[in-house]
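# Structure at a glance
Here are the chains, one letter per residue:
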Amino acid sequence: MISSVYLIIVPLILALIFFALGSAAVISNHTGGHPRTGYSSKIFSGIGYLLLFLQGLLIMPFLEGAQEFTTLLVSCIFGGLGAFLLTWGLKMKRRSISR
């Protein structure tokens, strides 16, 4: 029982931390922060969405019926958004390093 609680809580806490880091980077970017905050916000947010995707996949065995389909659909949307943001942030980082 305890391991399933950790299975549910740990990815959510990690996603919360990465979303907080992404939000802090956006705020820093808008207040004249370091130039690297432009791509780090996208990288942190992408990792946060990928953790939500992982959370949905880890929860699947505990669901049944329409909950499974809805969770799978939302998880795939989060996974696609996370992959998009992460690759966008990494491309921005590579572009800024090559300058």
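Small disclaimer: the values here were computed from a predicted structure and weren't measured.

### Some details on the packing of aromatic side chains
Taken as a whole and assessed by the stated rule, the structure comprises four aromatic pairs. Ring plane angle 75° and centroid distance 5.0 Å describe the contact between F19 and Y49, whose orientation is recorded as edge-to-face. Here F19 is found in helix α1 (residues 2-30), whereas its partner Y49 is found in helix α2 (residues 37-59), with 30 residues between them in sequence. Classification of Y49 as partly exposed rests on a relative accessible area of 22%. Relative to F78, the ring of Y49 lies with its centre 5.6 Å away and its plane at 40°, an arrangement referred to as tilted. With Y49 in helix α2 and F78 in helix α3 (residues 66-98), the pair connects residues that are 29 residues apart, well separated along the chain. Linked through ring pairs, F19, Y49 and F78 together constitute an aromatic cluster. Above the face of the W88 ring, K42 is positioned so that its terminal group lies 4.7 Å from the ring centre.

### Remarks on the side chain of K42
Along the polypeptide, K42 turns up in helix α2. The buried charged residue K42 lacks any salt bridge, with E68 as its nearest oppositely charged partner at 35 Å. When sequence neighbours within four positions are dropped, the list of residues in contact with K42 reads L85, L86, W88, G89 and M92.

### A word on a positive patch on the surface
Together, K91, R94, R95 and R99 make up a region of like positive charge exposed at the surface. By the secondary structure assignment, R95 is in helix α3. Accessibility expressed as a relative area gives 47% for R95, which makes it partly exposed.

### Structural notes on the confidence of the model for the protein
For the protein, the mean per-residue pLDDT works out to 89, and 98% of the residues sit at or above 70. When mean pLDDT is compared element by element in the protein, α3 scores highest at 93, while α1 scores lowest at 88.

### Concerning α3
For α3, built from 33 residues, the straight-helix expectation of 48 Å at 1.5 Å per residue is met to within 8% by its first-to-last C-alpha distance of 48 Å. Buried residues of α3: S75, G79, G82, L85 and G89, and no others. The inward-facing, buried residues of α3 contact α2.

About the cut-offs
- Residues numbered from 1 in each chain as written.
- Predicted model: local features only at pLDDT ≥ 70, side-chain atom pairs only at ≥ 80, totals over all residues.
- Heavy atoms only, no water.
- Phe/Tyr/Trp six-rings, centres within 6.5 Å; stacked < 30°, edge-to-face > 60°.
- Helix = DSSP H or I, 4+ residues; strand = E, 2+ residues; numbered from the N terminus.
- Buried < 20%, exposed > 50% of the residue type's maximum accessible area, 1.4 Å probe, protein only.
- Lys NZ or Arg CZ within 6 Å of the ring centre and 35° of its normal.
- Lys, Arg positive; Asp, Glu negative; His and termini not counted.
- Salt bridge = Lys/Arg side-chain N within 4 Å of Asp/Glu carboxyl O.
- Contact = heavy atoms within 4.5 Å.
- Patch = residues over 30% accessible without salt bridge, like charges linked within 9 Å, V, L, I, M, F, W, Y side chains within 5 Å.
- Areas by Shrake-Rupley, 256 points an atom, 1.4 Å probe, with all protein chains shown as cover.
- Charge placed at Lys NZ, Arg CZ, Asp CG, Glu CD.
- pLDDT = per-residue confidence, 0-100.
- Expected span 1.5 Å × (residues − 1).

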